[in-house]
Amino acid sequence: MSSASQLAMLGGTPVVTISSGEQWKRPIEKEKELVGKLLDEGAVSGAGAGLPLEFEEEFREFIGCKYCLSIDHGSTGLHSALWAAGIGPGDEVITPTAGYIGSYCGALHLGAIPVFCEIDPKTLLMDPADVEKRITERTRAIIPIHMCGRPCDMDGLLTLAEKHDIVVVEDAAHAHGSEWDGNKIGNVGHIACFSLQGTDPGGKPVSGGEGGIVCTNDRELYERQLVFCHLHRKGVVDELTLPEYAKLDSQVLGLKWRAHPLALALAKVSLSTLVYRNERRRQNRKIIFDALRELPGIEPVHDYPKARPAGFYGGLRLIYNPEELDGLPAKRFVQAVHAEGAPVSGPGVGHMEHLRTIYTEGFDIWGNNRHPLNQNFKPHKPGDFPISEGLHERVLRLPAYIDPKEGFLDQYIEAFGKVVANYRDLL
Ligand SMILES: *Cc1c(COP(=O)(O)O)cnc(C)c1O
């Protein structure tokens, strides 16, 4: 066997010789300048004025929605959005088990019960047909996650929502700039929550260290969100126009979950490079997917026809079909590609939420057995979500490159080609 076809895992030479594919760097000098300016001015607290208001306005314009509210985290954005949507004790909220606890834990703390659903095996996103089967008279919200910036079937979910009088609270933590039918996520459903966690390029697509921002076109949802968690926001009393909320004072309902202005300064700089990063990542994803689609065993994740992905937090997804490679286990395939020098990880399709201890063994959330989850606890077990659990064994994760080094993507693709061409050596 020639050394060119000898797999690196079996002693051959790795295909990828260009180290560290990503060249893009965030504009740190701009971040320092803006943060420094706020420090000089002492403008390091508050909301509803100055930089925090400017950032909300810029983000609102970018999304194209009517209302936009910054908040301290994506998960508290979701928590307050769920409260705004009227979620309370005994209600049910539907969310994918291939999801994330931060998406729905607000509902749990409000006394509601998460009901898990399956994902579509082609898009790996919340499956509206499966959601519908799980709707009961207690269902109050659906929480889709636009995983890795790929929009869920918003037509399907909004149709269900209308039919059953349910609010769609979108987890858009990965999806800054993603579109559905030509409209940005945040300007499509009822209310969408973005995280601003981390640092570019590996953090949430718009990042400020810690932070979040919520978008809606619904005045009541916006005002409810304000009263829930924006104590002492500048001008909050003037913003409360609906009779039920206009009677509150500036201390509203007492919670203060606003974002730190220094975090929003970082997020403002991040937003300024988002369009470039999204465009480049889309182009590079197309190059990788078009090449890998030709290989047996590998199926790049599918998008809904009306979806235009962006953000790409968490990278790209491939569905691995072991039966096309004589049953070669996904884990061994990943190790072999990795040994060729191409970053790839997995298998895994996110968390399996139903297999967390709190759902397999129960957990007395409020103490004294008062939480509806304790009262109605039906333990989950492996096998309850066969589609999601099956995919969990065979979904691979790749980085979403912005500016890879010249020639890197060719080598990256070749690493997969080499492993597929020589897979029999791994059986
Ligand atoms: C990051 C994230 C969140 C929560 O955002 P934080 O800002 O970290 O609170 C919610 N959902 C998903 C899918 C996330 O990745």
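Structure shown above.
Now for a quick tour of the structure. Here the structure is a predicted model, which is why all the values come from computation and not from measurement. Each chain has its residues counted from 1, running along the sequence as written. Local features are withheld for residues below a pLDDT of 70 in this predicted model, meaning they are given only at 70 or higher, and side-chain atom pairs are given and counted only at 80 or more; totals for whole chains, interfaces and linings count all residues. Based on all heavy atoms of the structure, the side-chain values leave hydrogens and waters out of the count.

Each strand in a sheet pairs with another by means of backbone hydrogen bonds, the pair being arranged parallel or else antiparallel. By this definition, two strands are paired if DSSP reports at least two bridges between them. Only runs of H or I of at least four residues qualify as helices and only runs of E of at least two qualify as strands under DSSP, and these elements are numbered from the N terminus. The strand order across the open sheet formed by three strands is β7-β6-β11, and the pairing between neighbours is antiparallel. Both edges of this open sheet fall to β7 (183–184) and β11 (307–308), since each of them pairs with a single strand only. Relative to β7, strand β6 (residues 179–180) runs antiparallel, the two sharing two bridges. From the neighbouring strand, E179 faces β7, where its bridge partner is K184.

Quick look at the packing of aromatic side chains now. Between rings of Phe, Tyr and Trp, where Trp is taken as its six-membered ring, a pair exists when centres lie within 6.5 Å; planes separated by under 30 degrees are stacked, by over 60 edge-to-face, and by other angles tilted. Throughout the structure, instances matching the rule amount to 16 aromatic pairs. Pairing Y104 with Y359 gives two aromatic rings, centres 6.4 Å apart and planes at 50°, and the pair type is tilted. One end of the pair, Y104, is in helix α4 (residues 101–109); the other, Y359, is in helix α12 (residues 357–360), with 255 residues separating them in the sequence. Assigned by exposure class, Y104 and Y359 land together as buried. Per-residue accessibility, obtained with a 1.4 Å probe over protein chains only, is compared with the maximum for each type, and a residue is labelled buried under 20%, exposed over 50%, and partly exposed between these values.

This next bit is on empty space enclosed by the protein. Think of a 1 Å grid over just the protein atoms. A cavity is a set of points where a 1.4 Å probe fits yet cannot get out, a pocket is an open set with protein on both sides within 12 Å along at least five of seven lines, and lining residues have an atom within 4 Å of a point. Grid points are joined across faces, edges and corners, and a volume is the space filled by probe spheres set on the points. For the coordinates displayed, the defined rule picks out two cavities of 30 Å³ or more. Estimates place the volume of the largest cavity at around 50 Å³. If you go around the largest cavity, the residues you meet are A98, L124, M147, C148, R150, R317 and V349. Residues are grouped as follows: Ala, Val, Leu, Ile, Met, Phe, Trp, Tyr, Cys and Pro are nonpolar; Asp, Glu, Lys and Arg are charged; all remaining types, including Gly, are polar. Considered class by class, the residues forming the lining of the largest cavity number five nonpolar, no polar and two charged. Each pocket or cavity is described by its volume, and for the second largest cavity that value is around 30 Å³.

As a further point, take the packing of helix α11 (residues 330–339) against helix α15 (residues 408–421). Inter-axis angles, ranging from 0 to 180 degrees, are taken between N-to-C directions of lines fitted to C-alpha atoms, where helices are fitted over the stretch in contact. For the pair α11 and α15, the least separation of the axes is 9 Å and the interaxial angle reads 130°. Regarding the angle of α11 to α15, the classification is oblique. Both α11 and α15 take part in a crossing whose hand is right-handed. Taking contact as the criterion, the partners of F333, A336 and V337 in α11 are, on α15, A415, F416, V419 and V420. Broken down by class, the residue content of the contact of α11 with α15 amounts to seven nonpolar, no polar and no charged. Our angle categories are set so that under 35 degrees counts as roughly parallel, over 145 as roughly antiparallel, 65 to 115 as roughly perpendicular, and the remainder as oblique. Two helices crossing with the near one rotated counterclockwise from the far one by less than a right angle form a left-handed crossing, whereas a clockwise rotation gives a right-handed crossing. Throughout, a residue-residue contact means that at least one pair of heavy atoms, one from each residue, lies within 4.5 Å.

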